[in-house]
Each structure stands twice: as C-alpha cells, then as structure tokens.
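As a plain string of letters, each chain reads:
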Amino acid sequence: MTTPAYPEASQATSALIWSIVGLVCCGPAAIVGYIQARNELEAITAGRRDPANQGTANAARIIAIVVGVLFLIGTVIFLAFIVLGGAFFTIEDVQGF
C-alpha cells in the first residue's frame, strides 16, 4: 500500500455540493460550502492538501458568495414589500376585494 502524498483528504467536492445545494434550494446551506472552501484553500496553501482541487474549491467559494448576495438581496426585497405594502394598503383597501 502506498501512503497518500498529502496528509489530509480534500473537502473541495463537499464544499461544491453544499454551495450548489444553497443555490438550488436552501440559501443558508451555502454558508457551509463557503467555510469548507475557505478551509480547503487555506490547507492547499499550507501544503496539507492536493493543489489539483484548488479550482473546485474556488468554484465552491464563488458560488457560495453569489448565493449569499442573492439571498441578501431577496431578503431586503421581501422586507421592503412587507414594509411598503403596509404603507400603501390599509384594511379598508383589502376589504373591497
């Protein structure tokens, strides 16, 4: 049996999966993807993990950032609709429907 060239196993694929799950169905799941991708990139820089997975880790990090921005924008728009909707419509307006 041969020993692996790097002492730690890569988590780049796991980070990418979490980031994609965050993009597709559950925005906060991208936080896990971002943290794993950041840790993977730090480990690659330190020489503990295979640099061949750097592209996958970068992709996971970028997707997680995009998901975070989209999630934040969506939350702000949702809250704006709640606040502004309450400012423009009263109970009397809704009762006519």
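Our subject is the structure listed above.
In this report, we go over the structure that sits alongside the text. Predicted, not measured: the structure shown is a model, and the values here were computed from it.

Here we look at the overall build of the protein
Here comes step 1: Of the regular secondary structure elements, the protein holds four helices and zero strands.
Here comes step 2: Ordered by position from N to C terminus, the α and β elements of the protein give α-α-α-α.
Here comes step 3: Taken over 97 residues, the protein has a buried fraction of 20%.
Here comes step 4: Taking as baseline every contact in the protein between residues at least 6 positions apart, the subset at least 24 positions apart corresponds to 60%.
Here comes step 5: Roughly 6,800 Å² of accessible area belongs to the protein as shown, and the carbon and sulfur atoms make up 71% of that amount.

Side note on the pattern of salt bridges
Here comes step 1: According to the stated counting rule, one finds four salt bridges in the structure shown.
Here comes step 2: Between Glu8 and Arg48 there is a salt bridge; the shortest N-O distance is 3.0 Å. On the criterion of sequence distance, the pair formed by Glu8 in the segment before helix H1 (12-24) and Arg48 in the loop between helix H2 (29-46) and helix H3 (54-88) is long-range, its members being 40 residues apart.
Here comes step 3: Accessibility expressed as a relative area gives 29% for Glu8, which makes it partly exposed.

Things to note about H2
Here comes step 1: Over its 18 residues, H2 runs 26 Å from end to end, which matches the ideal 26 Å to within 8%, given 1.5 Å per residue.
Here comes step 2: Of all the residues in H2, the buried ones are Ala29, Ala30, Gly33, Gln36, Ala37, Glu40, Leu41, Ala43 and Ile44. The arc that holds every buried residue of H2, seen down its axis, measures 160 degrees, which confines them to one face. Turned more than 90 degrees away from the buried face of H2 sit Ile31, Thr45 and Ala46, all of them exposed.

What to know about the environment of Gly22
Here comes step 1: Mapped onto the secondary structure, Gly22 falls in helix H1.
Here comes step 2: If sequence neighbours within four positions are ignored, Gly22 has contacts with Gly27, Ala29, Ala30 and Val67.

Notes on the packing of H1 against H2
Between two packed helices, the angle of one axis relative to the other and the distance separating the axes together describe the packing.
Here comes step 1: Two elements in contact, H1 and H2, have axes whose closest approach is 7 Å; the angle formed by their N-to-C orientations is 155 degrees. Taken as axis vectors, H1 and H2 run roughly antiparallel relative to one another. When the axes of H1 and H2 are compared, the crossing they make is left-handed. Here Ala12, Ser14, Ala15, Trp18, Ser19, Val21 and Gly22 of H1 lie close against H2, whose contacting residues are Ala29, Ala30, Val32, Gly33, Tyr34, Gln36, Ala37 and Glu40.
Here comes step 2: Across the contact of H1 with H2, the residue classes tally to nine nonpolar, five polar and one charged.

Remarks on the side chain of Gln36
Here comes step 1: By secondary structure assignment, the location of Gln36 is in helix H2.
Here comes step 2: Within the structure, the side chain of Gln36 is placed 2.8 Å from the side chain of Ser14, a separation counted as a polar contact.
Here comes step 3: Within the structure, the side chain of Gln36 is placed 3.2 Å from the backbone nitrogen of Ala15, a separation counted as a polar contact.
Here comes step 4: Beyond its immediate sequence surroundings of up to four residues, Gln36 is in contact with Gln11, Ser14, Ala15 and Trp18.

Calculation criteria
Residues numbered from 1 in each chain as written. Predicted model: local features only at pLDDT ≥ 70, side-chain atom pairs only at ≥ 80, totals over all residues. Heavy atoms only, no water. Helix = DSSP H or I, 4+ residues; strand = E, 2+ residues; numbered from the N terminus. Buried < 20%, exposed > 50% of the residue type's maximum accessible area, 1.4 Å probe, protein only. Contact = heavy atoms within 4.5 Å. Areas by Shrake-Rupley, 256 points an atom, 1.4 Å probe, with all protein chains shown as cover. Salt bridge = Lys/Arg side-chain N within 4 Å of Asp/Glu carboxyl O. Expected span 1.5 Å × (residues − 1). Arc of directions from axis to C-beta. Axes fitted to C-alpha atoms, helices over the stretch in contact; angles between N-to-C directions. Parallel < 35°, antiparallel > 145°, perpendicular 65-115°, else oblique. Left-handed = near helix turned anticlockwise from the far one by under 90°. Nonpolar A, V, L, I, M, F, W, Y, C, P; charged D, E, K, R; others polar. Polar contact = N/O pair within 3.5 Å; in protein donor to acceptor, adjacent residues only side chain to side chain.

Bear in mind that shape data such as this cannot, by itself, settle questions of function.
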